[in-house]
Amino acid sequence: MKQRTPVFVNILIITGLLIVFYYLFVQDYSFFSSLYFWGTVIIGAILAYIHSAIGDLIENKNFGKLSDGEKAAYLAEKKIPFLKRQYMAAFKKQSETEEKDILIDHGFDGIMELDNQLPKWWIGLFWFGTVFCVVYIFAFSFTDFAHPLKEYDAEYKEQEASVKKYMEEQPPVTIETAEFSEDNIAAGEEVFKTNCVSCHSDGGKGGIGPNLTDNYWHNQPEKTLFKNVFHVVENGVTGTAMQAWGKNGVLTGNDIQNVAAYVYSINQLKKPITPAEGGAPPYGTEAHWEKK
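Treat the numbers as computed from the prediction; the structure is a model and nothing was measured.

Criteria and thresholds
Residues numbered from 1 in each chain as written. Predicted model: local features only at pLDDT ≥ 70, side-chain atom pairs only at ≥ 80, totals over all residues. Heavy atoms only, no water. Helix = DSSP H or I, 4+ residues; strand = E, 2+ residues; numbered from the N terminus. Rg over C-alpha atoms; globule rule 2.2 N^0.38 Å. Buried < 20%, exposed > 50% of the residue type's maximum accessible area, 1.4 Å probe, protein only. Contact = heavy atoms within 4.5 Å. Core = buried A, V, L, I, M, F, W, Y, C linked by side-chain atoms within 4.5 Å. Phe/Tyr/Trp six-rings, centres within 6.5 Å; stacked < 30°, edge-to-face > 60°. UniProt positions renumbered as here; feature names shortened; annotations may be inferred. Patch = residues over 30% accessible without salt bridge, like charges linked within 9 Å, V, L, I, M, F, W, Y side chains within 5 Å. Areas by Shrake-Rupley, 256 points an atom, 1.4 Å probe, with all protein chains shown as cover. Salt bridge = Lys/Arg side-chain N within 4 Å of Asp/Glu carboxyl O. Disulfide = S-S within 2.5 Å.

Asks: Honestly, the overall build of the protein chain in this entry has me stumped. Any pointers?
Replies: On a plain count of helices and strands, the protein chain comes out with eleven helices and four strands. For 292 residues, the compact-globule estimate of 2.2 N^0.38 gives 19 Å, and the protein chain exceeds it by more than 25% at 39 Å. Structurally, the protein chain occupies a C-alpha span of about 115 × 60 × 35 Å along its principal axes. Taking all 292 residues of the protein chain together, 26% fall into the buried category. In the protein chain, the proportion of contacts linking residues at least 24 apart, taken out of those at least 6 apart, comes to 60%.

This is the structure we're talking about:
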């Protein structure tokens, strides 16, 4: 008569399987705070106790049918702790007598074959993998679990919400707090292409508006180039087509900081586009910007 698995082990197995299954469908661990999850665990534990009680009745009935020697062997084996018994069953080696009973009557080159059973740990992993595969396929087919596109969309929306919240909580960028950063150049180029290229042309070479790549500036209210661009974009230039992008609410302080970084880069980090190369002629006076 085989030894039975203790009820606490069955409860642990049931709880572990419930955690796996809940996670497959919920896709996070928020279910730990759900009464439905813990209710399911309690129901599973009650069923495990009922199963154990029925097993005890069957075990007592079968125990009475054993001989005295079989009863003694069964009771002695039952005294062995469960984990130790499982270890012994998984890695047990046969005695010479047991090997003779499972010896297959054929061999090769003096090597004989034994009709060994597969290890219990291997069989357990096989059945666990089989059940998990079925549940996984069901979850993949009828839920959003493991769908890369849906997961991407969900994470993208979370990131957008996080960025929006960050921007709302951050104080607005002003000319006093704005700073040049090469990380802002790419974003500033997009702002420039959307709002500024119609007057200043591609790359800031000038057209209706002045050439932004040379060192001649008509408006120089600030001492540094970056702050100067920020001031002009925010306040505009009276009597010209240069509107007050910031004061009019078209661009945010962050947008102006970015576009100022882009103009700074094409003016200071690249060589100027001369009239011979298609750039507009110098307009204004030569600037002598302070270095930061």
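Asks: How should the side chain of histidine 200 be read in this particular structure?
Replies: For histidine 200, the position within the fold is in helix H9 (residues 197-200). Look at histidine 200 and you get buried, because its relative accessible area is 12%. Beyond its immediate chain neighbours, meaning those up to four positions away, histidine 200 contacts Phe192, Lys205, Gly206, Gly207, Gly209, Pro210 and Leu212.

Asks: Mind showing me how you'd approach the nonpolar core here?
Replies: Most often, soluble globular proteins have nonpolar side chains that are buried together. Among the nonpolar cores identified, the biggest contains 25 residues, and Phe192, Trp217, Val229 and Val233 are the most heavily contacted of them. Counting only elements with at least two residues in this core, the list comes to helix H8 (185-195), helix H10 (225-235) and helix H11 (253-268). Broken down by element, the residue count for this core peaks at seven residues, all from H11. Excluding residues that lie within four positions of it along the chain, phenylalanine 192 makes contacts with Val197, His200, Ser201, Gly204, Leu212, Val259, Tyr262 and Val263. If you look at the next biggest cluster of nonpolar residues, it comprises five residues, including Leu24, Val135, Ala139 and Ala146.

Asks: What is the right way to read the environment of aspartate 214 from this model?
Replies: Tracing the backbone shows aspartate 214 in the loop between H9 and strand E3 (216-217). Its relative accessible area of 11% is what places aspartate 214 among the buried residues. Note: C-alpha distance between aspartate 214 and proline 282 (68 residues apart in sequence) is 7.2 Å. Setting aside chain neighbours within four positions, we find aspartate 214 in contact with Asn267, Pro272, Ala280 and Pro282.

Asks: Help me understand the packing of aromatic side chains in this model?
Replies: In this description, a pair of aromatic rings is defined by centroid distance and the angle of the planes. Under the criterion given, the structure shown has 21 aromatic pairs. Both rings, one in phenylalanine 32 and one in phenylalanine 37, keep their centres 5.6 Å apart while their planes meet at 85°; by these two values the pair is edge-to-face. Phenylalanine 32 sits in the partly exposed class, given a relative accessible area of 33%. Using a relative accessible area of 0% as the deciding quantity, one classes phenylalanine 37 as buried. For the ring pair phenylalanine 37 and tryptophan 38, a centre distance of 4.9 Å and an interplane angle of 70° mean the geometry is edge-to-face.

Asks: I tried to follow the UniProt feature "domain: Cytochrome c" (unreviewed entry) in the protein chain on my own but got confused; where do I start?
Replies: The UniProt entry lists residues 183-267 under the feature "domain: Cytochrome c" (unreviewed entry), expressed in the numbering used here. Between the first and last C-alpha atoms of residues 183-267 the distance is 16 Å; the span itself is 48% helix and 2% strand.

Asks: Would you explain a nonpolar patch on the surface in this entry?
Replies: A grouping of Tyr87, Met88, Phe91, Leu118, Trp121, Trp122, Ile123, Leu125, Phe126 and Trp127 is seen on the molecular surface, where their side chains present a nonpolar patch of about 1100 Å² in accessible area. In terms of residue count, the dominant contributor to the nonpolar patch is helix H6 (residues 120-142) (six residues). Summarising the element assignment, leucine 118 is placed in the loop between strand E2 (111-114) and H6.

Asks: Would you mind showing me how to read the state of the cysteines here?
Replies: Chemically, a disulfide is nothing more than a covalent bond linking the sulfur atoms of two cysteines. This model, assessed by the stated rule, comprises zero disulfides. The closest cysteine sulfur to the non-disulfide-bonded cysteine 196 is located on cysteine 199, 8.5 Å from its own sulfur. Its relative accessible area of 14% is what places cysteine 196 among the buried residues.

Asks: Just to check I follow, could you spell out the UniProt feature "transmembrane region" (unreviewed entry) in the protein chain for this structure?
Replies: UniProt marks residues 7-25, 31-50 and 121-142 with the feature "transmembrane region" (unreviewed entry), using the numbering shown here. Secondary structure within residues 7-25 divides into 100% helix and 0% strand; the distance between the first and last C-alpha atoms comes to 27 Å. For residues 121-142, the helix share is 100%, the strand share is 0%, and the end-to-end C-alpha distance is 31 Å.

Asks: Quick question: what am I supposed to make of the pattern of salt bridges here?
Replies: If charged atoms from side chains of opposite charge come close, those side chains can pair. The final tally for this structure, using the stated rule, is four salt bridges. In this structure, glutamate 59 engages arginine 4 in a salt bridge whose closest nitrogen and oxygen atoms are separated by 3.1 Å. Highlighted residues: glutamate 59 in helix H2 (residues 35-63) and arginine 4 in the segment before helix H1 (7-26), separated in sequence by 55 residues. Looking at arginine 4, the relative accessible area reads 28%, which means it is partly exposed. A network of salt bridges, in which partner residues are shared, links Arg4, Asp56, Glu59 and Lys78.

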